[in-house]
Amino acid sequence: MTMLNQKIEAALNKQLNAELYSSYLYLSMSAYFQSINLPGFANWMRVQAQEELVHAMKFYDFINERGGHVMLQQVEGPPKEWSSPLDAFENAYKHEQKVTGLINDLVNLAAGEGDHATSIFLQWFVTEQVEEEASADEVVQKLKLMGDASGGLFMLDREMGQRVFTPPAASAEG
Ligand code: FEO
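Residues numbered from 1 in each chain as written. Predicted model: local features only at pLDDT ≥ 70, side-chain atom pairs only at ≥ 80, totals over all residues. Heavy atoms only, no water.

*Asks:* Any chance you could explain the side chain of His-95 here in plain terms?
*Replies:* If you trace the backbone, His-95 turns up in helix α3 (residues 85-112). By relative accessible area, which is 9% here, His-95 ends up buried. For His-95, the residues in contact, after removing those within four places along its chain, are Tyr-21, Ser-22, Leu-25 and Tyr-26. (Helix = DSSP H or I, 4+ residues; strand = E, 2+ residues; numbered from the N terminus. Buried < 20%, exposed > 50% of the residue type's maximum accessible area, 1.4 Å probe, protein only. Contact = heavy atoms within 4.5 Å.)

*Asks:* Hey, could you run me through the packing of aromatic side chains in this one?
*Replies:* The geometry of an aromatic ring pair comes down to the distance between the two centres and the angle between the two planes. Applying the stated criterion across every chain, the model contains 11 aromatic pairs. Seen in terms of ring centroids, Phe-41 and Phe-89 are 6.0 Å apart; in terms of plane orientation they differ by 75°. Their pairing is edge-to-face. With Phe-41 in helix α2 (residues 39-65) and Phe-89 in helix α3, the pair connects residues that are 48 residues apart, well separated along the chain. On the accessibility criterion, Phe-41 (0% relative accessible area) is buried. Among the residues examined, Phe-89 registers a relative accessible area of 0% and is labelled buried. A network of ring pairs unites the aromatic residues Tyr-32, Phe-33, Phe-41, Trp-44, Trp-82 and Phe-89 as a single cluster. Residue placement shows Lys-58 over the ring face of Trp-124; its charged tip is 4.2 Å from the ring centre. In this structure, Arg-163 is placed above the aromatic ring of Trp-44, and the distance from its NZ or CZ to the ring centre is 4.4 Å. (Phe/Tyr/Trp six-rings, centres within 6.5 Å; stacked < 30°, edge-to-face > 60°. Lys NZ or Arg CZ within 6 Å of the ring centre and 35° of its normal.)

*Asks:* Sorry, what's going on with the packing of helix α4 (residues 116-146) against helix α5 (residues 150-160) here?
*Replies:* Packed helices, taken two at a time, are described by their axes: the angle between them and the distance between them. In contact at an axis separation of 10 Å, α4 and α5 are set at 160° when each is read in the N-to-C sense. Here α4 lies roughly antiparallel to α5, going by the angle between them. For the pair α4 and α5, the sense of crossing is right-handed. Taken together, the residues of α5 that come into contact with α4 (itself represented by Val-139, Lys-142, Leu-143 and Met-146) are Gly-152, Leu-153, Leu-156, Glu-159 and Met-160. Looking at the contact of α4 with α5 residue by residue, the class counts come to six nonpolar, one polar and two charged. (Axes fitted to C-alpha atoms, helices over the stretch in contact; angles between N-to-C directions. Parallel < 35°, antiparallel > 145°, perpendicular 65-115°, else oblique. Left-handed = near helix turned anticlockwise from the far one by under 90°. Nonpolar A, V, L, I, M, F, W, Y, C, P; charged D, E, K, R; others polar.)

*Asks:* Would you mind going over the side chain of His-55 with me for this structure?
*Replies:* Among the structural elements, His-55 can be located in helix α2. Setting aside residues up to four positions removed in sequence, His-55 forms contacts with Glu-19, Trp-124, Phe-125, Glu-128 and Glu-132.

*Asks:* Which parts of the structure should I look at to understand unusual backbone geometry?
*Replies:* Backbone phi values are negative for most residues with the exception of glycine, while trans is the configuration of most peptide bonds. Unusually for a residue other than glycine, Asn-37 sits at a positive phi of about 60°. One can find Asn-37 in the loop between α1 (6-35) and α2. Classification of Asn-37 as exposed rests on a relative accessible area of 64%.

*Asks:* Got a minute to help me understand the pattern of salt bridges in this structure?
*Replies:* Think of it this way: side chains of opposite charge can pair up when their charged atoms draw near. The tally for this structure, following the rule as stated, stands at six salt bridges. Here Lys-7 ties to Glu-113 by a salt bridge, and the two come within 3.1 Å at their closest N and O atoms. Of the two residues, Lys-7 sits in helix α1 while Glu-113 sits in the loop between α3 and α4, which places them 106 residues apart along the sequence. Taking relative accessible area as the criterion, Glu-113 reaches 32% and is therefore assigned partly exposed. A salt bridge links Glu-90 to Lys-144, with the nearest nitrogen and oxygen atoms 3.8 Å apart. (Salt bridge = Lys/Arg side-chain N within 4 Å of Asp/Glu carboxyl O.)

*Asks:* Sorry if this is basic, but what is going on with the environment of Glu-133 here?
*Replies:* Among the secondary structure elements, Glu-133 is positioned in helix α4. With 74 residues separating them along the chain, Glu-133 and Phe-59 place their C-alpha atoms 20 Å apart. Only 2.7 Å separates the side chain of Glu-133 from the side chain of Thr-100, close enough to count as a polar contact. (Polar contact = N/O pair within 3.5 Å; in protein donor to acceptor, adjacent residues only side chain to side chain.)

Here it is, written out as structure tokens:
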């Protein structure tokens, strides 16, 4: 296996930063939901933040495995407040669409550089992004449907409280 070329190494490091930012963004949303007394929504976002750290570490490990250098950059500060649960989830959905665009750009770059190992590595993220967009949009749609019915929000909060973080299996790493 050939070593990473510099262009790909830089792009993978940039995506590592983007995944860390995603984690930061969702952790900030978790704190927001906590502050408006929606512990289930806060739990959902906290789990999401943990999943983003897993994404970040996949890039971290892959860069190392390919003999590249991990170059950690400053992580931008996320917003701290949203105007409503719907506003936060619409934001999350838009963010995931943006991340999908970044992954697609990476896929194109890897193909252009003829880096098949990176192309294959990125396939997992292509599939994951379909799920990431769908799960954020699902909550957006539920929130839109219930409108101002606070009973619905209470029920949905209970449902969101069920989400559990599943650490990746050790065998899937490396
Ligand atoms: Fe790392 Fe939400 O995609």
